[in-house]
Amino acid sequence: MQNLEENFWQKIHIYKDISKEQWQDWKWQIANRITSLNELKQIIPINNEEDFLKISEIFHFGTTPYYISLINPNDENDPILKQILPDIKEIDEKYQEGAFLDPFLEDVKSPVPGLTHRYPDRVLFRATNFCSVYCRHCMRKRMFLEDERARTKEEYDVMFEYIRNNKSIKEVLISGGDPLTLPNKKIEYILKNLYEISHIDVIRIGSRELVVNPYRFYDEKLLQLFEKYDKVWLITHFNHPNEITSETKKAVKNILSTGTPVLNQTVLLKGINDSKETIENLMRDLLKAKIKPYYLFQCDPTKGVYHFRTPLEVGLEIMEYLRGRLSGLGIPTFAVDLLGGLGKVPVLPNYIIEKNEDYIVFRNYENKTVKVKI
Ligand SMILES: *Cc1c(COP(=O)(O)O)cnc(C)c1O
């Protein structure tokens, strides 16, 4: 957790005259995104400008002022910097073997543009391809190659129609891009239409705004929408304890006050969070902020992202380490998303040592064993 000082942003030269009202306005954060090398250089030193330009021409660069303000500019290995700074490995062919632009065939297994219907009871709804921060490890990195745009109301209407006609769908996952970068009016249009479909029980919003622009949840109008369309769950994406701040806590409090649960998905990222201690601290800080850890993912085999992948054993060792040491509330499900859109599978350390018709031998987190008659 990072404890931020009063007016912490004013320490950064280019933000020294920015008032609290401006800084805490989510629209100011998006309007003042840093997207070019020239802007970036005023905040952190960049060693290889040529590489930056070469990579960002293919996979764009972008961050909010808030997110970059959390970086220690003197640390090349800063875990937040590594999530946003282009790395030559993203376009180095050596790192692309076995990687795909669309590993889960989201665009193929799609009944209408923008929807992916993989499981019978839930459907993925991609509302926009815009994000306020471009995460280098994005599983939908193919979207960086497209023009930034939100879908139109007419496109949404086709998506609603499909959902309305499929009564087996109980849940809609609104994702993107980042759907909470949309204006409130458009968010209301989506929430209202989905809310009115009687077989929809849950509207799950997947957004990273809580991490990169917590001021989105200082917006009363958005909070009112969450309260009014009372089927909303928020899933966010924290990867490192440094991303959790006093601003996060305040934002989560606002969200919870609307009756909206807040859960988190983390991705294991080599050199960023692939250690037991980092993940333990992250899960503890999430609990402190009242965010429930939901998934811990093996990094996906997406083109441009492969250099972040860790061996499966790293995740298993972390899960083994967490059990017994950390409250069950803080333990996520470790999962791998299967190639070809076959779905997510949970992966666990093995706690059953022997099994036959009469008994099972379990081991616990301390490796003590016990024989249980079944
Ligand atoms: C991840 C995902 C879901 C949701 O899976 P859960 O296990 O319920 O979190 C649904 N549809 C698609 C296409 C997904 O990728």
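The rules behind these values
- Residues numbered from 1 in each chain as written.
- Predicted model: local features only at pLDDT ≥ 70, side-chain atom pairs only at ≥ 80, totals over all residues.
- Heavy atoms only, no water.
- Core = buried A, V, L, I, M, F, W, Y, C linked by side-chain atoms within 4.5 Å.
- Buried < 20%, exposed > 50% of the residue type's maximum accessible area, 1.4 Å probe, protein only.
- Helix = DSSP H or I, 4+ residues; strand = E, 2+ residues; numbered from the N terminus.
- Domains from an automatic or database assignment.
- Contact = heavy atoms within 4.5 Å.
- Near = heavy atom within 4 Å.
- Polar contact = N/O pair within 3.5 Å; in protein donor to acceptor, adjacent residues only side chain to side chain.
- Areas by Shrake-Rupley, 256 points an atom, 1.4 Å probe, with all protein chains shown as cover.
- Nonpolar A, V, L, I, M, F, W, Y, C, P; charged D, E, K, R; others polar.
- Buried area = accessible area lost by both parts, 1.4 Å probe.
- Salt bridge = Lys/Arg side-chain N within 4 Å of Asp/Glu carboxyl O.
- Pairing = 2+ DSSP bridges.
- Axes fitted to C-alpha atoms, helices over the stretch in contact; angles between N-to-C directions.
- Disulfide = S-S within 2.5 Å.
- Arc of directions from axis to C-beta.
- Expected span 1.5 Å × (residues − 1).
- Parallel < 35°, antiparallel > 145°, perpendicular 65-115°, else oblique.
- Left-handed = near helix turned anticlockwise from the far one by under 90°.

Peer 1: So what exactly am I meant to see when it comes to the nonpolar core here?
Peer 2: Nonpolar side chains tend toward joint burial in soluble globular proteins. Counting 89 residues, the largest nonpolar core has Phe125, Ile163 and Ile174 as the members making the most contacts within it. In terms of residues, this core owes the most to one element, helix H7 (residues 153–164), which gives five residues. Counting the residues that make up this core, at least three belong to each of domain 1 (8–86) and domain 2 (95–353). Non-local contacts of Ile163, meaning those with residues more than four positions away in its chain, are made with Leu115, Val123, Phe125, Ile169, Val172, Leu194, Ile197, His199 and Ile200. If you look at the next biggest cluster of nonpolar residues, it comprises nine residues, including Leu269, Ile272, Tyr295 and Ala335.

Peer 1: What am I meant to see in the site of the ligand here?
Peer 2: Around the ligand, a shell composed of Thr116, Arg118, Tyr119, Arg122, Leu173, Arg204, Tyr294, Tyr295 and Lys344 is seen. Arg118 places a side-chain nitrogen or oxygen 3.0 Å from an oxygen atom of the ligand. At a separation of 2.7 Å, an oxygen atom of the ligand approaches a polar side-chain atom of Tyr294. Calculation on the ligand without its partners gives an accessible area of 390 Å², and the protein chains cover 91% of this total. Broken down by element, the residue count for the shell around the ligand peaks at three residues, all from strand S1 (residues 115–119). Residue composition of the shell around the ligand, by class: four nonpolar, one polar and four charged.

Peer 1: Which parts of the structure should I look at to understand the domain arrangement of the protein?
Peer 2: By a frequent convention, interface size equals the accessible area lost on bringing the separate parts together. Segmentation of the protein into domains returns domain 1 (8–86) and domain 2 (95–353). Computed from C-alpha atoms alone, the centre-to-centre distance between domain 1 and domain 2 is 23 Å. Domain 1 puts 26 residues into the contact, and the matching count from domain 2 is 38 residues. Buried area between domain 1 and domain 2, summed over both chains or domains, comes out near 2600 Å², and the portion from carbon and sulfur atoms is 59%. Interface area lost by domain 1 to domain 2 is led by Trp26, Phe59 and Gln83, which between them contribute 29%. Joining domain 1 to domain 2, the criterion identifies zero salt bridges. Counting across the domain 1 and domain 2 interface gives 17 residue pairs in polar contact (both at pLDDT 80 or more).

Peer 1: Can you help me understand the sheet that holds strand S12 (residues 369–373) in this one?
Peer 2: One key point about sheets: their strands pair by backbone hydrogen bonds, in either a parallel or an antiparallel sense. One open sheet holds the three strands; their spatial order is S10-S11-S12, and the pairing between them is antiparallel. Of all strands in the sheet, those bounded by a partner on one side alone are strand S10 (352–355) and S12. If you compare each strand with its neighbour and ignore which way they point, the axes differ by 20° on average. Taken together, the three bridges between S10 and strand S11 (residues 359–363) define a ladder with antiparallel strand orientation. Across the sheet, the residue bridging to Ile352 is Phe362, located in S11.

Peer 1: Help me out: how do you make sense of the state of the cysteines in this one?
Peer 2: Linking two cysteines covalently via their sulfur atoms produces the bond known as a disulfide. Counted by the stated rule, this structure contains zero disulfides. Cysteine Cys299 shares no disulfide, and the gap to the nearest cysteine sulfur, in Cys138, comes to 10 Å. Assessed through its relative accessible area of 2%, Cys299 is described here as buried.

Peer 1: Just to check I follow, could you spell out helix H10 (residues 220–228) for this structure?
Peer 2: Spacing of three or four residues puts side chains on the same side of an α-helix, whose turn is 3.6 residues. For H10, the full list of buried residues reads Leu222, Leu223, Leu225 and Phe226. Burial along H10 is one-sided: seen end-on, the buried residues are contained in an arc of 155°. The exposed residues of H10 that point more than 90 degrees off its buried face are Glu220 and Lys228. Among the structural elements, helix H8 (184–195), strand S4 (202–206), strand S5 (232–236) and helix H11 (246–256) are those in contact with the buried residues of H10. Of the residues flanking the start of H10, the one acting as N-cap is Asp219, its side-chain oxygen 2.9 Å from the backbone nitrogen of Lys221.

Peer 1: Please clarify how the sheet that holds S5 should be interpreted in this entry.
Peer 2: Within the open sheet, the nine strands sit side by side as S1-S2-S3-S4-S5-S6-S7-S8-S9. Their pairing is mixed. Each edge of the sheet is formed by a strand with only one pairing partner; in this case those strands are S1 and strand S9 (343–346). The average undirected angle you get between the axes of adjacent strands in this sheet is 25°.

Peer 1: Can you help me understand the side chain of Thr128 in this one?
Peer 2: In this fold, Thr128 is placed in the loop between strand S2 (122–126) and H7. A polar contact of 3.1 Å, which involves the side chain of Thr128, links it to the backbone nitrogen of Phe130. Aside from chain neighbours lying at most four places away, what touches Thr128 is Arg149, Ala150, Arg151, Ser175, Gly176, Gly177, Asp178, Pro179, Thr181 and Leu182.

Peer 1: Is there a simple way to think about H7 in this case?
Peer 2: Here H7 is 12 residues long and its end C-alpha atoms lie 16 Å apart, about the 16 Å a rise of 1.5 Å per residue gives. Residues of H7 that are buried include every one of Tyr156, Met159, Phe160, Tyr162 and Ile163, and no others. Along the long axis of H7, the arc covered by the buried residues comes to 160°, so they all point the same way. Contacts from the buried residues of H7 go to S1, S2, strand S3 (171–175) and H8.

Peer 1: Could you clarify how one ought to interpret the packing of H7 against H8 in this entry?
Peer 2: The packing of two helices is summarised by the inter-axis angle and the distance between the axes. With their axes 10 Å apart at the nearest point, H7 and H8 run at an angle of 20° to one another. Judged by the inter-axis angle, H7 sits roughly parallel to H8. Considering how the two elements wind past one another, H7 and H8 form a crossing that is right-handed. Here Lys153, Tyr156, Asp157, Phe160, Ile163 and Arg164 of H7 lie close against H8, whose contacting residues are Lys186, Tyr189, Ile190, Asn193 and Leu194.

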